[in-house]
Amino acid sequence: QVQLVESGGGLVQPGGSLRLSCTASGRIFSINTMGWYRQAPGKQREFVATINSGGTTNYADSVKGRFTISRDNAKNTVYLQMNSLKPEDTAVYYCNVDLVRIRGFPRQNYWGQGTQVTVSS
C-alpha cells in the first residue's frame, strides 16, 4: 500500500506565504504525476496544480503566478509554494499521486489526508 503524509498548512494573513509538502511511502516503483487539489466548505474539490515525471507543470488559472509546484523524486515528495495568498485560497489542500501505469494492472492513485490553509486578517 501507499501512504501520503501532508504538512505545512496553517493560518496566514492575506499577502502571506505558505509551503506545503507531501511525502509518499510504501510500495512504490515509480511515480508519474503528483499534484495538489483543494476543497472549500460547501464547494467541490478543485484542481490546483500538477507536475509530471518529466517536470512539466500545470496550474489552475486562479493560482498562476502565485503558486509553484515542485518535486524531489529521490524523496518521493511534492511541494506547493504559495505566495500572495488571498482569502479565497482558504480550503483544505489535498495531495495526490498517480503511479506509473503497468499493463494488466489497475491504476494506482492515492490521496493525502488533507491540510487546512486559512487566509484571514
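Since we're looking at a predicted model, the values are computed, not measured.

### Things to note about the pairing of strand 4 (residues 31–39)
Relative to strand 9 (residues 91–99), strand 4 runs antiparallel, the two sharing eight bridges. The residue of strand 9 that forms the bridge with T33 is D98. Joining the antiparallel neighbours strand 4 and strand 5 (residues 46–51) is a turn of six residues, in which G42 adopts a positive phi near 75°.

### Examining the nonpolar core
Formed by 28 residues in total, the largest nonpolar core has its most connected members in W36, V48, F67, V78, L80, M82 and Y93. Elements that contribute at least two residues to this core include exactly strand 1 (2–7), strand 3 (18–26), strand 4, strand 5, strand 7 (67–72), strand 8 (77–82), strand 9 and strand 11 (115–119). Among the elements that make up this core, the one with the highest residue count is strand 9 (five residues). Sequence-distant contacts of M82, defined by excluding residues within four places in its chain, comprise G16, S17, L18, L20, R66, F67, Y93 and V117.

### Re the state of the cysteines
Evaluation of the coordinates by the stated rule reveals one disulfide. Shown here is the disulfide that connects C22 with C95, its sulfur atoms set 2.1 Å apart. Given an S-S torsion of about -80°, the disulfide between C22 and C95 has left-handed geometry. Of this pair, C22 sits in strand 3 while C95 sits in strand 9, and the two are 73 residues apart along the sequence. Both residues of the pair, C22 and C95, belong to the buried class.

### Some words on the sheet that holds strand 3
Pairing in this open sheet of four strands is antiparallel, and the strands run 1-3-8-7 from one edge to the other. Each of the sheet's edge strands pairs with one partner strand only, and the pair in question is strand 1 and strand 7. The average angle at which neighbouring strand axes cross in this sheet is 15°, direction not considered. The pairing of strand 3 with strand 8 spans six bridges and is classified as antiparallel. Opposite C22, over in strand 8, you have V78 as the bridge partner.

### Points about the packing of aromatic side chains
Following the criterion strictly, the structure yields two aromatic pairs and no others. An angle of 70° between the planes, with centres 6.0 Å apart, marks the rings of Y37 and F47 as edge-to-face. Here the residue Y37 occupies a position in strand 4, and F47 occupies one in strand 5, the gap between them amounting to 10 residues. Taking relative accessible area as the criterion, F47 reaches 32% and is therefore assigned partly exposed. On the numbers, 5.2 Å between centres and 65° between planes, the contact of Y37 with W111 is edge-to-face. Separated by 74 residues along the polypeptide, Y37 in strand 4 and W111 in strand 10 (residues 109–111) bring together distant segments of the chain. Y37 gets classed as partly exposed once you look at its relative accessible area, which sits at 22%. Among the residues examined, W111 registers a relative accessible area of 39% and is labelled partly exposed. Members of the aromatic cluster, connected to one another through ring pairs, are Y37, F47 and W111. For R19, the ring lying beneath its charged end belongs to Y79, and the centroid distance is 4.4 Å. Over the aromatic face of Y94 sits the side chain of R45, whose NZ or CZ is 3.8 Å from the ring centroid.

The rules behind these values
- Residues numbered from 1 in each chain as written.
- Predicted model: local features only at pLDDT ≥ 70, side-chain atom pairs only at ≥ 80, totals over all residues.
- Heavy atoms only, no water.
- Pairing = 2+ DSSP bridges.
- Helix = DSSP H or I, 4+ residues; strand = E, 2+ residues; numbered from the N terminus.
- Core = buried A, V, L, I, M, F, W, Y, C linked by side-chain atoms within 4.5 Å.
- Buried < 20%, exposed > 50% of the residue type's maximum accessible area, 1.4 Å probe, protein only.
- Contact = heavy atoms within 4.5 Å.
- Disulfide = S-S within 2.5 Å.
- Axes fitted to C-alpha atoms, helices over the stretch in contact; angles between N-to-C directions.
- Phe/Tyr/Trp six-rings, centres within 6.5 Å; stacked < 30°, edge-to-face > 60°.
- Lys NZ or Arg CZ within 6 Å of the ring centre and 35° of its normal.

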